[in-house]
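The lines below spell out each chain.
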Amino acid sequence: MPHTETPGTEGAPATRLRWWTELPLILLVYACYSAGRLFVRGDVADAVDHGLAILRLEQALYLNAEHPLNRLFTREPWLGIPADFWYASLHYLVTPVLLVWLFRSRAVRYRAARTWLMTSTFIGLIGFTLLPTCPPRLLDASHGFVDTMAQYSSYGWWAGEASAPRGLGGLTNQYAAMPSLHVGWALWCGVILWRHGRTRLARTAAVVYPLVTVVVVMGTANHYFLDAVAGAAVMGAGLLLTPVVLRTTDRVKALVPTRSAPAPAASSASGSPIVSEGCQTSAGEQFPGQRQRQLEPRFASGSEPGQSPPARGEDAETAAAPAR
């Protein structure tokens, strides 16, 4: 039975979604996202200028959460090391797990949620392209930031260049900081858990996970506070565009010719006898030849086809006698 979804961001899929079509789609989108981050690097000088401009704007707005958090994570390894693991791993674990959970247990909501996530990710990729930004950890040391990923690199699989595994730091775009999709994806996870989680633990995680992620990205000096704000704004824009994307996708699918299924054989009404062209019988009917041999004597005796035949075992004269 096809899944149906409520109006709004939840478009009703024309056919049942299958994992063997969903998985390649998600992998394709993620590959495009990763390739875009890799190849659209921008000029380093421009990225540094953009980072300093964000820092000056925050100072003008009296926003300075990054410095105290970064000093705390640098001074306290029991906070800094878990924060680095949080930043380097949960971004790639929690989001896919929630997608699989939605697909298996909330399939009617999955298509809209998946489209929302993908649309927001592509908007974020546009931001990386148009506004390459140097994260706080790559600014000159005079600005007071310490790269905790580099400081605690001996505890994890990442190197000093980025959160990527050792030797693969050069394959990442370290200037893709605006917007923060770490925060954006964490916000998506929080909304999904809040809307579809049935337990108090799920509701608690829905609030804690995005908030802790905001603290982590600033404390590890990977993002500015305004990067986190932009990540939330990107998710909001993606949510607003999701109905448009769903309708457009449905229109495109409607234009693609599909193979028509064979028409089902006509069936009769329940309980009615069927004898079609002398070759089909319903349950309890006799074969046409047998029935014809039974009907011939009855018609030969002068009875009409609509009259009942004489009861078995009665005398012919009794059957012909007029009713009293």
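Look up a bit, the structure's there.
All of these numbers come straight from a predicted model, not from anything done at the bench.

Cut-offs used in this document
- Residues numbered from 1 in each chain as written.
- Predicted model: local features only at pLDDT ≥ 70, side-chain atom pairs only at ≥ 80, totals over all residues.
- Heavy atoms only, no water.
- Salt bridge = Lys/Arg side-chain N within 4 Å of Asp/Glu carboxyl O.
- Buried < 20%, exposed > 50% of the residue type's maximum accessible area, 1.4 Å probe, protein only.
- Core = buried A, V, L, I, M, F, W, Y, C linked by side-chain atoms within 4.5 Å.
- Helix = DSSP H or I, 4+ residues; strand = E, 2+ residues; numbered from the N terminus.
- Contact = heavy atoms within 4.5 Å.
- Phe/Tyr/Trp six-rings, centres within 6.5 Å; stacked < 30°, edge-to-face > 60°.

(A) Broad picture of the pattern of salt bridges. Under the defined criterion, the tally for this structure stands at 3 salt bridges. Measuring nitrogen to oxygen at the nearest pair gives 3.9 Å for the salt bridge that ties Glu-76 to Arg-75. Judged by relative accessible area, which is 54%, Arg-75 ranks as exposed.

(B) A look at the nonpolar core. Judged by nonpolar contacts, the single largest core of 21 residues is most densely connected at Leu-102 and Trp-188. Going through the elements one at a time, α4 (77-105), α5 (107-130), α7 (181-196), α8 (200-219) and α9 (225-255) are the ones with two or more residues in this core. A total of 7 residues in this core trace back to one element, the largest contributor, which is α7. Ignoring sequence-local partners within four residues, the contact set of Leu-102 consists of Ala-107, Tyr-110, Ala-113, Trp-188, Ile-192 and His-196.

(C) The arrangement of the packing of aromatic side chains in detail. Inspection of every chain in the model, using the stated rule, returns 6 aromatic pairs. With a centroid separation of 5.2 Å and 80 degrees between ring planes, the pair formed by Phe-103 and Tyr-110 is classed as edge-to-face. When the centroid spacing of 5.3 Å and the interplanar angle of 75 degrees are considered together, the rings of Trp-157 and Trp-158 count as edge-to-face. With relative accessibility at 35%, the residue Trp-157 sits in the partly exposed group.

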